[in-house]
Amino acid sequence: MAVSSTVNFELEEHRLANGLRVLLQPDSSAPLVALHVMYHVGSKNERSGRTGFAHLFEHLLFQGSEHVPREGHFKYIQDAGGTLNGTTWFDRTNYFETLPANELELGLWLEADRMGFFKPGITQEKLDNQRDVVKNERLQSYENRPYGLAFETVLESAYPQGHPYRHPTIGYMEDIDAASLEDVHKFFDSYYGPNNATLVLVGDFEPSEALERIQMWFGGISSRPIPEPPEVVLPSGYGECRREIRDKVQVPRVYLMFHSASFNEPEFETVDTLSYLLGDGNSSRFKRALVYEQQVAAEVSVFTWPTESVGMFFAVATARPGVDADHLEASMRLVLDDFKQDGLMPEELEGAQNRVRRSLVGQLSRFGDRADFLAHAAVLRNDPHYLNDAFSRYGLVDEIMVEEVAESVVDEDRLTVLHVIPEETS
Amino acid sequence: MGVDRTRRPPPSTPRRLRLPEIEGVTLSNNLRVEFVPRREVPEVSLRLILESGAAAEPPDQAGLSELTTRLLTEGTADRDALHMARWLDRLGASYSASSGYSVTTISMHLFSDVLVDAIKFLATTVTQAEFPENEVKRVRSERADEIDRERDEPSMVAGQALISELYEDGLYGRPVGGTAESIPLIERRDVCDFYGNWYVPDGALLIACGDIERGPLIEAVEAHLCKWQGVSQRVQAPPDPPRKPGRILLADRPGSPQAEIRVGTIGVPYGTPNHHAIIVANAILGGLFNSRINMNLREEKGWTYGARSSFGFRRGAGPFVVHTAVESGVTAQAFQEILGEIKTMRKELVTEDELDLAKHALTLSLPLQFESARQITSKIAQQRIYDLSEEYWEVYRNRIEEVTAEQVREVCETYLARDRMTLLAVTDAESVLEPLSELGTVDLV
C-alpha cells in the first residue's frame, strides 16, 4: 500500500499581459465551477502598529466596489446558488466562490470589479462598521474562547520584535482601531494589482473559452509596482523560549512549537509525515503514550503550518485533571526523545503515509478545496503541478528522511514552550 | 474593453442537475446496503446508520449510547484496543462513531484501495466489540473530563442551557453525550446490553459512495456482515413536549467581553405540511449571510461577527434557535433587535426580492450540496433517518418555488410566538443584569 501518484488532474497555466497568473483545471464531473483569487499578501506584510490590517482589508473587499453595491457580493453569489468566503494568513489572502457552472461570468465580474474598481466603493462608514465586526471576531474566536490567545502568545515568544511572523493575523485590538481610510487606499495600491494575484478555476468549463472571458474581465486592469516582500528569516541563537499564561479553563494545555521546514523546502513533506506519525490516530506515538498508556492527556494534536518561509511544527496536549503542565510537558518531551533515540518502525511510516494520502484525497475531492490547494501550491511554492505531484512527493519519504528531520527539527534551539494554566490555581 | 461592468452578467444555459442514482440491496439478515458509484477521485465514504441513539437509552443513563459508540474500537475477544488502533491507522482510514437522538452513525473516509479491509474493520467494531473492563473505565473517565471541559466553551454552555430550559427532562433536553452525574454510573454490563440490543443488522443501513463497484462492494459486505444477527426495534420519536412561556435566562461568566446569546423555542419535526415554507422563512430571517438578523446585527450595527437562525428538524419537534455572540454592552439591545426581526416576519409580508433570493439560494445550490462522496452519503442518511420521501430532492425545487410570502408570514406567526421565546445570555452577569431586566424578569442559571 505504498503511496503512489494516483491522481492526474489536467492543468493549464497562463499569464495575462498585466501579470495576472491564471490556472485552469477543467473537470466536468459536477455542474459547478470554483473560482479562487489569491493575492500574495498577508499579515507578514503589515507595518508595525497596523497588525490585523490585511485581514480587516479582506473584510472590506466584500463591501462593494464601483459597480457592485454594498452587500452585493454576498447577495449575488447566494442568489446564484453559490458559496463564497475569504481568508487571510501570514503569507496570502484569498477570495473564493463555488458557483453553478453557468454562472462563471458572475464570479469573474465580481472578482474583477474588486481587483480593478475597489477604491470608489469604499467609505469611512464601511471601514468603521467592518472594524467593529472584526473586533467582535477577535472577541468571539480568540479572547472569549478557552486557550484562544495561545497561538498568538507562541508567536510573540518564538519570534523577535519586528519579525513578520511575530503577530497574529487577526491583529491586536488597538491596531485594528488605528486603521484609517488612507491605510486602506495605500494597501490596495501596493498589494492588490493583478501582477500580485493568481486566479484559479476548477470545474465544468471549456478552457479556451474561460481564458478568453478572464482576459475580457481582467485584461484591462493595470499592473503596478509591488513592494519588496519582507525578509522572513529563521530566528537563530534565540534558544528555547518559554511562556506561561492563565486562562478561564479547567485544565492546563501545553504547546511545543519547533521552527521547521516551510512549505517551500524539500523537507516539508517529511515533516508533515512526521506529524501524522506522531499525532494522527490512536496508535500514533503521542496518543498511545499520553492518552492511552499514561493517561496524562485528554487530547493531543501534532501538525505543521505550511508557511511560505519559516515552517512551524506544533505538538499540543491538553492535560487530564490533576496533571500539571510541567508533568505533561515532560511526558511530551519524553515521547520526542524516545523517537529520536529509537527511530521508527516500518509499519509506522506506512500507516502515516496512508493517512496522509487519505487526507490529501479528501482535500482534492471538492472543486473549491482543490482550487485552494492549487492556489497555495502556485503562490507559496511557485509550483502549480504540486497538485498532481504531492502524492508522489509524500510517497518518497522514507525512514531515514523522517529520522533525519526529527533530529534537526526537534531541537531545543528551535523550541518555544507555552503553558496555559487555569486561573484558579494562581 | 468590450465588457459591460455596470450590471450583473447573465447566466448561460443551466446544466442539468443529476441527483445521485442510489442502488440498493438487502442482505439475508435484513441489513440494507445503498450505494452510489462516483469515480472522479480515489476515495470512498462509508456510513453505517443504526437505529439507536439517546432515545434508546434509559433516561437515567444519559450518555450510554455515546459511550458505547466510543468503545466500539476498544477491543474484541482476540484484538486489544492497541491492536485495533494499529489496524485502523495502518489502513489510513478515518473512523468516527457518534450518537444522535435516534440513530448512531459510524462514518469512514478512505482511499479506495483499502475498501475491503475497511469494511472488515467496520464489521469487526459492530459485531465483535467486547468492551474490556479497563477500557470502559478509561473511556468513561475521559468522557467525564470532557464534560467538565465543555464548561469552558461559552457556546457549549449556552446551547445546553437553552435546550434544558426548552425540553426539561424530555429527550431533546438531555445532552446526547451524557452528564457529569450520569456518566460515572454507567457500567460495562450496561454497555454490553445496549450493544446487544441495538447493534443489529435489521433496520440498519450501510451507505457507500465514491470509487466503488457494485460486485466487489457487495461481496465484501456479504463476507464480513452477513453473519451479523438480530432484530431491531424502531426508536420512537419523543412525545410532543409541552409549550412553555419563554423566560429570560442569564448564565454568569465573570469578566466575559462578549455575550453568547440564544433566542429559542420548540420548533417542528421534519414531516410537517408547511415544511418548505418554514425553510424559506428561516432563510429570510436568519439562515443566510444576507438574512435579516445578520444584516442588522453585523452589517448595520457591527455588534457581532455573525448571527444565524435555524430550525432543527428531527423525528420529533427540534428547537428553533437564533444564535450569535455580541459585545457584552449591547446584550439587551441585541435581544430587542432579534425579537423585532421575528415580530416583523410575523406581522408583515417579506418582499419579493427577499423571497426570490431565499428560493434561489436554497434551490440553485443543490449541485453544491451533492458534490462529494461524503456529502452524498450524508444526504442519503438524512433522507432515511427522517423518512423523507423517495422524491424529496426531486421535488424540492418545485416545493420551495411554490412558497408564497403569505405562507412565510403564517409559519412565523404559528411557530415564532413572542411569548414562547426564551432569551439566554452567557456573559458577565453583573454588567448586563440591569439592562436585561428592562426586558422582563431575569433568572440566573
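Residues numbered from 1 in each chain as written. Chains lettered and ligands numbered in written order. Predicted model: local features only at pLDDT ≥ 70, side-chain atom pairs only at ≥ 80, totals over all residues. Heavy atoms only, no water.

**Q** For this particular structure, what's the right way to read the packing of helix H9 (residues 268-279) of chain A against helix H10 (residues 285-293) of chain A?
**A** Geometry of a packed helix pair, given as the angle between the helix axes and the separation of the axes. All names here are of chain A. Viewed as axis vectors pointing N to C, H9 and H10 meet at an angle of 30 degrees, and their least axial separation amounts to 4 Å. Relative to H10, the element H9 is oriented roughly parallel. Of H10, the residues touching H9 (which contributes Leu277, Leu278 and Gly279) are Arg285, Phe286 and Lys287. Taken together, the residues of the contact of H9 with H10 break down into three nonpolar, one polar and two charged. (Axes fitted to C-alpha atoms, helices over the stretch in contact; angles between N-to-C directions. Helix = DSSP H or I, 4+ residues; strand = E, 2+ residues; numbered from the N terminus. Parallel < 35°, antiparallel > 145°, perpendicular 65-115°, else oblique. Contact = heavy atoms within 4.5 Å. Nonpolar A, V, L, I, M, F, W, Y, C, P; charged D, E, K, R; others polar.)

**Q** Would you take a moment to explain the domain arrangement of chain B for this structure?
**A** Often, the extent of an interface is quoted as the loss of accessible area upon association of its parts. Residue and element names in this part refer to chain B. For chain B, the assigned domains are domain 1 (23-225) and domain 2 (248-444). Distance from the C-alpha centre of domain 1 to the C-alpha centre of domain 2: 30 Å. Each partner contributes to the interface: domain 1 provides 29 residues, whereas domain 2 provides 29 residues. Of the roughly 2,500 Å² buried between domain 1 and domain 2, counting both surfaces, carbon and sulfur atoms make up 67%. In terms of surface lost to domain 2, no three residues of domain 1 exceed Leu162, Leu166 and Tyr172, which account for 20% of the buried area on that side. Taken together, the connections running from domain 1 to domain 2 amount to two salt bridges. Salt-bridge contacts for Glu51 lead to Arg315; the nearest nitrogen and oxygen are separated by 2.5 Å. In this structure, the connection of domain 1 to domain 2 is made through 11 residue pairs in polar contact (both at pLDDT 80 or more). Of all the secondary-structure elements, those providing two or more residues to the side of domain 1 that touches domain 2 are strand S2 (32-37), strand S3 (43-51), strand S5 (103-111), helix H5 (154-167) and strand S6 (205-210). By residue number, the principal contributor to the side of domain 1 that touches domain 2 is H5, which donates 10 residues. (Domains from an automatic or database assignment. Buried area = accessible area lost by both parts, 1.4 Å probe. Salt bridge = Lys/Arg side-chain N within 4 Å of Asp/Glu carboxyl O. Polar contact = N/O pair within 3.5 Å; in protein donor to acceptor, adjacent residues only side chain to side chain.)

**Q** Quick question: what am I supposed to make of the packing of aromatic side chains here?
**A** Two numbers describe a pair of aromatic rings. These are the distance of the centres and the angle of the planes. All names here are of chain A. Tallied over the entire structure, the rule returns 47 aromatic pairs over all chains. Ring geometry for Tyr95 versus Tyr192: centroids 6.2 Å apart, planes at 70 degrees, classification edge-to-face. Here Tyr95 is found in strand S5 (residues 93-100), whereas its partner Tyr192 is found in the loop between helix H7 (181-191) and strand S6 (197-203), with 97 residues between them in sequence. The burial state of Tyr95 is the same as that of Tyr192; both residues are buried. Each ring, one from Phe303 and one from Phe314, has its centre 5.1 Å from the other, and the planes form 20 degrees; the classification is stacked. Taken together, the residues span a long stretch of sequence, with Phe303 in strand S9 (residues 297-305) and Phe314 in strand S10 (residues 311-319) at a distance of 11 residues. (Phe/Tyr/Trp six-rings, centres within 6.5 Å; stacked < 30°, edge-to-face > 60°. Buried < 20%, exposed > 50% of the residue type's maximum accessible area, 1.4 Å probe, protein only.)

**Q** Looking at this model, I keep getting lost on the domain arrangement of chain A. Mind explaining?
**A** Residue and element names in this part refer to chain A. Here chain A is described as being made up of domain 1 (12-218) and domain 2 (241-425). Of note, the centres of domain 1 and domain 2, computed from C-alpha atoms alone, are 28 Å apart. Together domain 1 and domain 2 conceal approximately 3,200 Å² of surface at their shared face, both sides included; 71% is due to carbon and sulfur atoms. A per-residue breakdown of the area domain 1 buries against domain 2 is headed by Tyr147, Phe151 and Val154, which together make up 22% of the total. Summed over the shared surface of domain 1 and domain 2, the number is three salt bridges. Ionic pairing is found between Lys44 and Glu308, a salt bridge with its closest N-O pair at 2.8 Å. Here domain 1 is connected to domain 2 by 13 residue pairs in polar contact (both at pLDDT 80 or more). Elements represented by at least two residues in the side of domain 1 that touches domain 2 include exactly strand S2 (21-26), strand S3 (32-39), S5, helix H5 (150-158) and S6. Sorting elements by how many residues they give to the side of domain 1 that touches domain 2 places H5 first, with eight residues.

**Q** Explain the pattern of salt bridges here, please?
**A** Side chains that differ in sign of charge can pair as their charged atoms come close. Applying the stated criterion across every chain, the model contains 69 salt bridges over all chains. A salt bridge links Arg333 of chain A to Glu412 of chain A, with the shortest nitrogen-to-oxygen separation between them at 2.5 Å. With Arg333 of chain A in helix H11 (residues 325-342) and Glu412 of chain A in the loop between helix H15 (399-409) and strand S11 (415-422), this pair connects stretches of sequence that are 79 residues apart. Given a relative accessible area of 19%, Arg333 of chain A falls into the buried group. Relative accessible area serves as the criterion here: at 44%, Glu412 of chain A is assigned to the partly exposed category. Close ionic contact of Glu165 of chain B with Arg247 of chain B constitutes a salt bridge, the shortest N to O distance being 2.8 Å.

**Q** Explain the interface of chain A and chain B here, please?
**A** Taken together, the contact pairs 84 residues of chain A with 81 residues of chain B. Between chain A and chain B, a total of about 7,200 Å² is buried, with carbon and sulfur atoms accounting for 54% of that surface. Here chain A and chain B share eight salt bridges between them. Ionic pairing is found between Asp145 of chain B and Arg320 of chain A, a salt bridge with its closest N-O pair at 2.5 Å. Applying the counting rule to chain A against chain B returns 38 residue pairs in polar contact (both at pLDDT 80 or more). The residue makeup of the side of chain A that touches chain B, split by class, is 30 nonpolar, 30 polar and 24 charged.

**Q** Help me understand empty space enclosed by the protein, please; the structure alone is not making it clear to me.
**A** Remark: the empty space left among the atoms is shown by a probe the size of a water molecule rolled over them. Applying the stated criterion across every chain, the model contains three cavities of 30 Å³ or more. Along its surface, the largest cavity is lined by 14 residues, and Ser365 of chain A together with Arg38, Glu40, Val41 and Glu371 of chain B are the ones closest to its centre. Here the residues of the lining of the largest cavity sort into five nonpolar, four polar and five charged. In terms of lining residues, the second largest cavity is bounded by Leu166, Pro242, Arg243, Lys244, Pro245, Thr265, Ile266, Arg420 and Thr422 of chain B. (1 Å grid on protein atoms, 1.4 Å probe; cavity = no way out; pocket = protein on both sides within 12 Å on 5 of 7 lines; lining within 4 Å. Points joined across faces, edges and corners; volume = space filled by probe spheres on them.)

**Q** In this structure, what is going on with the side chain of Gln25 of chain A? I would like to understand it.
**A** Residues and elements named next belong to chain A. With respect to the element layout, Gln25 can be found in strand S2. You can call Gln25 buried: its relative accessible area is 1%. A distance of 3.2 Å separates a polar side-chain atom of Gln25 from the backbone oxygen of Glu10. If we skip the residues at most four places from it in the chain, Gln25 touches Phe9, Glu10, Leu11, Leu201, Val202, Gly203, Phe205, Arg370, Leu374 and Leu387.

**Q** Just to check I follow, could you spell out helix H8 (residues 275-287) of chain B for this structure?
**A** Structural remark: α-helix, 3.6 residues per turn; residues separated by three or four positions point the same way. Its 13 residues give H8 of chain B an end-to-end C-alpha distance of only 15 Å, which falls more than 12% under 18 Å, the value for a rise of 1.5 Å per residue. Most of H8 of chain B sits inside the fold, with 12 of its 13 residues counted as buried. (Expected span 1.5 Å × (residues − 1).)

**Q** Would you mind showing me how to read unusual backbone geometry here?
**A** Generally, phi is negative for residues other than glycine and the peptide bonds are trans, each holding for most cases. Residues and elements named next belong to chain A. Positive phi, normally seen in glycine, also occurs at Glu71, with a value near 65 degrees. Considering the arrangement of structural elements, one finds Glu71 in the loop between helix H1 (53-60) and helix H2 (72-79). Positive phi is not limited to glycine here, since Asn382 has a value of about 55 degrees. Looking at where Asn382 falls in the secondary structure, it is placed in the loop between helix H13 (367-381) and helix H14 (386-395).

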